[in-house]
Amino acid sequence: MKLHSPLPERKTRLEIIPLIDVMFFLLASFMMVSLTMTKQQTIKVNLPVASSAQSDFKPDMINLAVNATGDVFFDKAAITLPEMERKLAERFGKDPATPVYISADEKTDYVDIVKVLDAAKRVGFTKVALNVKPANAAKPAP
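How each quantity is defined
Residues numbered from 1 in each chain as written. Predicted model: local features only at pLDDT ≥ 70, side-chain atom pairs only at ≥ 80, totals over all residues. Heavy atoms only, no water. Helix = DSSP H or I, 4+ residues; strand = E, 2+ residues; numbered from the N terminus. Buried < 20%, exposed > 50% of the residue type's maximum accessible area, 1.4 Å probe, protein only. Contact = heavy atoms within 4.5 Å. Areas by Shrake-Rupley, 256 points an atom, 1.4 Å probe, with all protein chains shown as cover. Salt bridge = Lys/Arg side-chain N within 4 Å of Asp/Glu carboxyl O. Pairing = 2+ DSSP bridges. Axes fitted to C-alpha atoms, helices over the stretch in contact; angles between N-to-C directions. Polar contact = N/O pair within 3.5 Å; in protein donor to acceptor, adjacent residues only side chain to side chain. Core = buried A, V, L, I, M, F, W, Y, C linked by side-chain atoms within 4.5 Å.

Q: Is there a simple way to think about the overall build of the chain in this case?
A: Scanning the chain from N- to C-terminus turns up three helices and seven strands. Starting at the N terminus, the α and β elements of the chain follow one another as α-β-β-β-β-α-β-α-β-β. Per-residue burial for the chain yields a buried fraction of 25% across its 142 residues. Summarising the internal contacts of the chain: among those between residues at least 6 apart in sequence, 73% fall at separations of at least 24. Total accessible area on the chain stands at roughly 10900 Å², and carbon and sulfur atoms take up 61% of it.

Following this line, the structure appears as structure tokens:
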């Protein structure tokens, strides 16, 4: 025996609007997360501390490092000053607005840092900065 409902039979519908809303939310979330992902390409140096320092690493930048013995590194690779200047000139030709970050050990001689800074300025880069460690990330002094 088949019972009939007094209500008219309705076809099942698939609502697309909520699905679109969820997809836009996921897209926006992934975009925001991908902006916060950074890639640091420097050697390990003991940075000096500055109270007004902020972290500002971006994948489209040039990382130079000078260790305590005065050796220069270009994106983790040891390099001489003339080679570094040539590579900087190549990168300057591609994008003159690329920021250059110089990291140096706190025991590095000032003259070694100035040589690297001068080479970057001589090539033509205007956005050159020295990396320092934020004060709240510094170890307490003994």
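Back to the write-up after that little detour.
Q: What am I meant to see in the pattern of salt bridges here?
A: When the charged atoms of two side chains lie near each other, side chains of opposite charge can form a pair. Per the stated rule, a full pass over the model turns up four salt bridges. Among the salt bridges present, the one from Arg91 reaches Asp75, with a minimum N-O distance of 4.0 Å. Linking Arg91 in helix α2 (residues 81-94) with Asp75 in the loop between β3 (72-74) and β4 (77-79), this pair joins segments that are 16 residues apart in sequence. Among the residues examined, Asp75 registers a relative accessible area of 22% and is labelled partly exposed.

Q: Would you mind showing me how to read the sheet that holds strand β2 (residues 62-66) here?
A: Backbone hydrogen bonds are what pair the strands of a sheet, in a parallel or an antiparallel way. Taken in spatial order, the five strands make up an open sheet running β4-β3-β2-β5-β6, and their pairing is mixed. Of all strands in the sheet, those with a lone pairing partner are β4 and β6 (128-130), marking the two edges. Strand-to-strand twist of the sheet, defined as the mean angle between neighbouring strand axes without regard to direction, takes the value 30 degrees. Direction of pairing for strand β5 (residues 100-104) relative to β6: parallel, over a ladder of three bridges. Bridge assignment links Val100 to a residue of β6, and that residue is Val128.

Q: Explain unusual backbone geometry here, please?
A: The backbone of Asp75 sits at a positive phi, close to 50 degrees, despite the residue not being glycine. Even without being glycine, Lys76 reaches a positive phi, approximately 75 degrees. With relative accessibility at 52%, the residue Lys76 sits in the exposed group.

Q: What is the right way to read the side chain of Asn67 from this model?
A: Here Asn67 shows up in the loop between β2 and β3. Here the side chain of Asn67 touches Thr69 through a polar contact of 2.9 Å, side chain to side chain.

Q: Help me understand the nonpolar core, please; the structure alone is not making it clear to me.
A: Note that soluble globular proteins tend to have their nonpolar side chains buried in a common cluster. Of all hydrophobic cores here, the largest spans 17 residues; its most connected members are Ile62, Leu64, Phe74, Met84, Leu88, Val100 and Val116. Elements represented by at least two residues in this core include exactly β2, β3, α2, β5 and α3 (110-123). Residues contacting Phe74, with those up to four places away along its chain left out, are Ile62, Asn63, Leu64, Ile79, Met84, Lys87, Leu88 and Arg91.

Q: Is there a simple way to think about the pairing of β2 in this case?
A: The side chains of a regular strand alternate between both faces of the sheet. Of all five residues in β2, five are buried; the element is thus mostly enclosed. Residues Ile62, Leu64 and Val66 of β2 are buried on one face, and the alternating residues Asn63 and Ala65, pointing to the opposite face, are buried as well. Note: β2 against β5, five bridges, orientation parallel. Among the inter-strand pairings, Val66 is bridged to a residue of β5, identified as Ala104. Direction of pairing for β2 relative to β3: antiparallel, over a ladder of three bridges. Looking at the pairing, Ala65 lines up with Phe73 of β3. Connecting the antiparallel pair β2 and β3 is a turn made up of five residues, with Gly70 showing a positive phi of about 95 degrees.

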